[in-house]
Amino acid sequence: MNDFLRNKVIAKGKRNRRACEPAWEVALLFPEQGNWCAEDYLALPDNRLAELSEGCLEVLPMPTTTHQWITLFLYRALESLVWARLGLVLVAPLRIELWPGKFREPDVVFMLNKNRHRAREEFWNGADLVMEVVSDDPESRRRDLITKRAEYARAGISEYWIVDPHRQQITVLRLQGKKYVVHGTFKPGQQARSRLLGGFTIDVSAVFAGPR
């Protein structure tokens, strides 16, 4: 190989190595943790599940097949009751502003027709009912079982369903004053029921049956 060709091969190899190196500089384009604002958060691409809390970006774990199956099962069950007649039901990813600077993305969200003006195109201002399918990792469990319970109550969301595949149970919380109280804890063989939507019940065994 002559010197000209050898130099071209070496140069190409260096370019390929640079192309494979992490683009760390990209991180510098984003705010530091603690300094995120709503404008920064809303400017993010829509292909990742992420929430904004106390100026920090919280990237959520990628859902599993079972997680997604349960989420869509809940959505279809709720949609069959409420679609158009009572309100609007959608699934994540959909940003919900709980209060200025606090955004969450519940797995299933519902808004009564009388409050549809709060269902904006880019994000919703609160919701009337939310559902979270709890992931197995400790951080997600703490977020859904403790943190979001307090946050959704503070935001005035009337009903919060905690769907826990690990414990095989659905806990339905209803807002009483400024805090949630347990409307019911439902196990396989029982029908989970809503307080907000009197006609809405769901077979817990079917929720946790998984894809067939």
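Residues numbered from 1 in each chain as written. Predicted model: local features only at pLDDT ≥ 70, side-chain atom pairs only at ≥ 80, totals over all residues. Heavy atoms only, no water.

S.K.: Any details on the overall build of the chain? Residues and values, ideally.
M.R.: Each helix and strand in the chain was counted, giving 5 helices and 13 strands. Partitioning the contacts of the chain with sequence separation of at least 6, the portion at a separation of at least 24 is 49%. Entry remark: accessible area of the chain is about 12200 Å², with carbon and sulfur atoms responsible for 53%. (Helix = DSSP H or I, 4+ residues; strand = E, 2+ residues; numbered from the N terminus. Contact = heavy atoms within 4.5 Å. Areas by Shrake-Rupley, 256 points an atom, 1.4 Å probe, with all protein chains shown as cover.)

S.K.: An account of the packing of aromatic side chains is needed here, citing residue identities and associated values.
M.R.: All told, the structure shown has 5 aromatic pairs when counted by the stated rule. Aromatic pair tyrosine 160 and tyrosine 180: ring centres 6.1 Å apart, planes at 45 degrees, arrangement tilted. Of the two residues, tyrosine 160 sits in strand S9 (residues 159-164) while tyrosine 180 sits in strand S11 (residues 179-186), which places them 20 residues apart along the sequence. A residue is classified by how much of its surface remains accessible, and tyrosine 180, at 7% relative accessible area, is buried. Note on tryptophan 161 and phenylalanine 200: the rings are 5.4 Å apart at their centroids and 45 degrees apart in plane angle, and the pair reads as tilted. Highlighted residues: tryptophan 161 in strand S9 and phenylalanine 200 in the loop between strand S12 (191-193) and strand S13 (201-203), separated in sequence by 39 residues. Considered together, tryptophan 161 and phenylalanine 200 belong to a single accessibility category, that of buried residues. In textbook terms, an aromatic cluster arises when at least three aromatic residues are bridged by ring pairs, as seen for Tyr152, Tyr160 and Tyr180. Residue placement shows arginine 154 over the ring face of tryptophan 99; its charged tip is 3.7 Å from the ring centre. (Phe/Tyr/Trp six-rings, centres within 6.5 Å; stacked < 30°, edge-to-face > 60°. Buried < 20%, exposed > 50% of the residue type's maximum accessible area, 1.4 Å probe, protein only. Lys NZ or Arg CZ within 6 Å of the ring centre and 35° of its normal.)

S.K.: Break down the environment of glycine 55 for me, citing the residues and quoting the values.
M.R.: Secondary-structure assignment places glycine 55 in the loop between strand S1 (50-53) and strand S2 (56-59). Note on glycine 55: relative accessible area 10%, which makes it buried.

S.K.: Residues and numbers for the sheet that holds strand S8 (residues 129-133), please.
M.R.: Paired through backbone hydrogen bonds, the strands of a sheet run either parallel or antiparallel to each other. Taken in spatial order, the 6 strands line up as S3-S6-S8-S9-S10-S11 in an open sheet, and their pairing is mixed. One side of each edge strand has no neighbouring strand; the edge strands of this open sheet are strand S3 (87-91) and S11. Between one strand axis and the next, the sheet turns by 15 degrees as a mean value, whatever way the strands run. Relative to S3, helix H3 (residues 65-82) is tilted by about 170 degrees, and along the sheet it contacts S3, strand S6 (108-112), S8 and S9. Along the sheet face, helix H4 (residues 138-154) touches S8, S9, strand S10 (169-176) and S11 and points at about 175 degrees away from the line of S9. (Pairing = 2+ DSSP bridges. Axes fitted to C-alpha atoms, helices over the stretch in contact; angles between N-to-C directions.)

S.K.: Residue-level account of the nonpolar core, with values.
M.R.: In this structure, Leu74, Leu78, Trp161, Ile170 and Ile202 are the most contacted members of the largest nonpolar core, which totals 25 residues. Mapped by element, the contributors of at least two residues to this core are H3, S6, S8, S9, S10 and helix H5 (204-207). Those residues in contact with leucine 78, other than ones at most four positions away along the chain, are Val89, Val108, Phe110, Leu129, Met131, Leu197 and Phe200. If you look at the next biggest cluster of nonpolar residues, it comprises 18 residues, including Trp99, Val109, Val130 and Tyr152. (Core = buried A, V, L, I, M, F, W, Y, C linked by side-chain atoms within 4.5 Å.)

S.K.: Residue-level account of the pairing of S8, with values.
M.R.: Regular strands have side chains that alternate between both faces of the sheet. Burial analysis of S8 places 5 of its 5 residues in the buried class, which makes it a mostly covered element. A two-sided burial pattern is seen for S8, the buried positions comprising Leu129, Met131 and Val133 on one face and Val130 and Glu132 on the other. Alignment of S6 against S8, held across 3 bridges, turns out to be antiparallel. Bridged to valine 108 within S8 is methionine 131. Each parallel crossover has a hand, and the one from S8 via H4 to S9 is right-handed. (Right-handed = clockwise from strand over helix to strand, strands pointing away.)

S.K.: Provide a residue-level description of unusual backbone geometry, including the pertinent values.
M.R.: Cis geometry is adopted by the peptide bond preceding proline 93, which originates at alanine 92 and carries an omega value of 5 degrees. Here proline 93 lies in the loop between S3 and strand S4 (96-99). A positive phi angle, close to 55 degrees, is found at glutamine 168, a residue other than glycine. Relative to the helices and strands, glutamine 168 is located in the loop between S9 and S10.

S.K.: Break down the layout of surface pockets for me, citing the residues and quoting the values.
M.R.: For the largest pocket, the calculated volume is near 350 Å³. Lining of the largest pocket is provided by 24 residues; of these, Leu49, Pro61, Pro63, His67 and Asp107 occupy positions nearest its centre. Taken together, the elements giving at least two residues each to the lining of the largest pocket come down to H3, S8 and H4. Of the residues assigned to the lining of the largest pocket, the class counts are 10 nonpolar, 6 polar and 8 charged. (1 Å grid on protein atoms, 1.4 Å probe; cavity = no way out; pocket = protein on both sides within 12 Å on 5 of 7 lines; lining within 4 Å. Points joined across faces, edges and corners; volume = space filled by probe spheres on them. Nonpolar A, V, L, I, M, F, W, Y, C, P; charged D, E, K, R; others polar.)

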